[in-house]
Amino acid sequence: MKRKEARAQVLSLLFETGFRKDETPAEIYARATEIRELEDDDYIRDSYFGVMDNIEFTDEKIAAFSHGWKTERISPVSRAIMRLAIYEMYFRDDVPDNVAVNEAVELVKVYDDEDKVKAFVNGILNSVLQEKKSGGAE
């Protein structure tokens, strides 16, 4: 499976998790592999559970640069995309930071296609990236 397809699968899991508050991430993942025939791929599994384990960290980063927008007000799709990108930037050595940002913007174009949303997501992720590069708060 190509990384682009795997990212879309992680996004799908993250989006679903936002609506299935009565199930654990492990239950959601198991159901997806069983019912939707989600491929049990290392990147998908590690990224999904990695985002879920670090969701407070990613949401703090989003909140720090969303200027007046609470993360709950951001569309669930865009929020999931940013969570994945920030997770990749900080916790995955196999994904260059610029690739994480660019792939997030590509996902927004497909799943939350509005020029304002694309600019919003791109702006937040670039701010997070600049903070990371400058050695800002981690």
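The model shown is predicted, which means the values in this text are computed figures rather than measured ones.

Student: Would you take a moment to explain the nonpolar core for this structure?
Tutor: What tends to happen in soluble globular proteins is that the nonpolar side chains get buried as a cluster. Core analysis: the biggest nonpolar cluster contains 41 residues, and Leu13, Leu14, Ile44, Tyr48, Ile86, Met89 and Leu125 have the highest contact counts within it. The set of elements that each furnish at least two residues to this core consists of α1 (3–19), α2 (25–35), α3 (42–53), α4 (55–65), α5 (76–91), α6 (97–111) and α7 (115–133). Tallying contributions element by element places α5 first for this core, with ten residues. For Leu13, the residues in contact, after removing those within four places along its chain, are Ile28, Tyr29, Ala32, Arg36, Leu38, Ile44 and Tyr48.

Student: Mind showing me how you'd approach the packing of α3 against α5 here?
Tutor: How two helices sit against one another is set out by the angle between their axes and by the gap between those axes. For the pair α3 and α5, the least separation of the axes is 10 Å and the interaxial angle reads 100 degrees. When the interaxial angle is binned, α3 and α5 end up roughly perpendicular. Seen from α3, the contacting residues are Tyr43, Asp46, Ser47, Gly50 and Val51; seen from α5, they are Arg83, Leu84, Tyr87 and Glu88. By residue class, the composition of the contact of α3 with α5 is four nonpolar, two polar and three charged.

Student: Can you walk me through the packing of α5 against α6 in this structure?
Tutor: Between α5 and α6, whose axes approach to 9 Å, the crossing angle comes to 165 degrees. One way to sum up the angle between α5 and α6 is to call them roughly antiparallel. Of the two possible hands of crossing, α5 and α6 adopt the one that is right-handed. Mapping the contact onto sequence places Val77, Ile81, Ala85, Glu88 and Met89 in α5 and Asp97, Ala100, Val101, Ala104, Leu107, Val108 and Tyr111 in α6. Residue classes in the contact of α5 with α6 are distributed as ten nonpolar, no polar and two charged.

Student: Help me understand the side chain of Asp97, please; the structure alone is not making it clear to me.
Tutor: Along the chain, the position of Asp97 falls in helix α6. Judged by relative accessible area, Asp97 falls into the buried class, the value being 18%. In contact with Asp97, not counting residues within four places along its chain, are Met89, Leu129 and Lys132.

The rules behind each value
- Residues numbered from 1 in each chain as written.
- Predicted model: local features only at pLDDT ≥ 70, side-chain atom pairs only at ≥ 80, totals over all residues.
- Heavy atoms only, no water.
- Core = buried A, V, L, I, M, F, W, Y, C linked by side-chain atoms within 4.5 Å.
- Buried < 20%, exposed > 50% of the residue type's maximum accessible area, 1.4 Å probe, protein only.
- Helix = DSSP H or I, 4+ residues; strand = E, 2+ residues; numbered from the N terminus.
- Contact = heavy atoms within 4.5 Å.
- Axes fitted to C-alpha atoms, helices over the stretch in contact; angles between N-to-C directions.
- Parallel < 35°, antiparallel > 145°, perpendicular 65-115°, else oblique.
- Nonpolar A, V, L, I, M, F, W, Y, C, P; charged D, E, K, R; others polar.
- Left-handed = near helix turned anticlockwise from the far one by under 90°.

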